Amino acid sequence: MGLFGVVLGAGPAGAALLDQPLNGAFFTGSYATGVKIAEAASKRLIKVQLELGGKDPAYVRPDADIQNAAAGLADGAFLQHRQSCCSVERIYVHADVYDAFVDAFVAEVKTYA
């Protein structure tokens, strides 16, 4: 029988957990903490899964194909209802194409209903 436990806490709690006889460590947070976890886990060769910051941004340049960008980013934003590590969480749009992008993005999302 397996056991899955979620523990919330700061650095000392995480460090203490990594000293336990674990079969794996799964962490969502900063890159710096991810490096510490990977280094500690590598000494025992346990499984590690890290999701390290970034907020998955996208940038729409002024020379972008607006329809294509809107369709792709809408798909990325709503992929698996944001339960995917690679779903788009922030979209930065150049001011020159902002209104056209928003219109195209909204139109794309309305097709999802």
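Residues numbered from 1 in each chain as written. Predicted model: local features only at pLDDT ≥ 70, side-chain atom pairs only at ≥ 80, totals over all residues. Heavy atoms only, no water.

What the chain contains, in helices and strands, is four helices and four strands. Secondary structure of the chain in N-to-C order comes out as α-β-α-β-β-α-β-α. As displayed, the chain offers around 8400 Å² of accessible surface, 57% of which is attributable to carbon and sulfur atoms. (Helix = DSSP H or I, 4+ residues; strand = E, 2+ residues; numbered from the N terminus. Areas by Shrake-Rupley, 256 points an atom, 1.4 Å probe, with all protein chains shown as cover.)

Our next topic: the layout of surface pockets. To locate leftover empty space, one rolls a probe as large as a water molecule over the atoms. Taken as a whole, the largest pocket encloses approximately 990 Å³ of empty space. Lining of the largest pocket is provided by 26 residues; of these, Gly5, Val7, Leu17, Ala25 and Phe26 occupy positions nearest its centre. Mapped by element, the contributors of at least two residues to the lining of the largest pocket are helix 1 (11-18), strand 1 (24-29) and helix 2 (31-42). Sorting elements by how many residues they give to the lining of the largest pocket places helix 1 first, with six residues. Residues that form the lining of the largest pocket fall into these classes: 16 nonpolar, eight polar and two charged. (1 Å grid on protein atoms, 1.4 Å probe; cavity = no way out; pocket = protein on both sides within 12 Å on 5 of 7 lines; lining within 4 Å. Points joined across faces, edges and corners; volume = space filled by probe spheres on them. Nonpolar A, V, L, I, M, F, W, Y, C, P; charged D, E, K, R; others polar.)

The next point concerns the packing of aromatic side chains. If you walk through the whole model with that rule in mind, you get two aromatic pairs. Ring geometry for Phe78 versus Tyr112: centroids 6.1 Å apart, planes at 90°, classification edge-to-face. Residue Phe78 is found in helix 3 (residues 66-78), and its partner Tyr112 is found in the segment after helix 4 (98-110); the two are separated by 34 residues along the sequence. According to the relative accessible area criterion, Phe78 is partly exposed, its value standing at 41%. When its relative accessible area of 38% is taken as the criterion, Tyr112 is described as partly exposed. Where Phe101 meets Phe105, the ring centres are 5.6 Å apart and the plane angle is 35°; that geometry is what we call tilted. Of this pair, Phe101 and Phe105 both sit in helix 4, four residues apart, roughly one helical turn. According to the relative accessible area criterion, Phe105 is buried, its value standing at 16%. (Phe/Tyr/Trp six-rings, centres within 6.5 Å; stacked < 30°, edge-to-face > 60°. Buried < 20%, exposed > 50% of the residue type's maximum accessible area, 1.4 Å probe, protein only.)

Each regular strand shows side chains that alternate between the opposite faces of the sheet. When strand 1 meets strand 2 (residues 47-52), the two strands line up parallel, connected through six bridges. Following the sheet pairing, Ala25 is matched in strand 2 by Val48. (Pairing = 2+ DSSP bridges.)

On to a nonpolar patch on the surface. There is a patch of nonpolar side chains on the surface, built from Tyr98, Val102 and Val106 and spanning about 230 Å² of accessible area. Its relative accessible area of 44% is what places Tyr98 among the partly exposed residues. (Patch = residues over 30% accessible without salt bridge, like charges linked within 9 Å, V, L, I, M, F, W, Y side chains within 5 Å. Salt bridge = Lys/Arg side-chain N within 4 Å of Asp/Glu carboxyl O.)

In this section: the confidence of the model for the chain. The predicted model of the chain averages 87 in pLDDT, with 88% of residues at 70 or higher. By mean pLDDT, strand 1 is the weakest element of the chain at 85, and helix 4 is the strongest at 97. (pLDDT = per-residue confidence, 0-100.)

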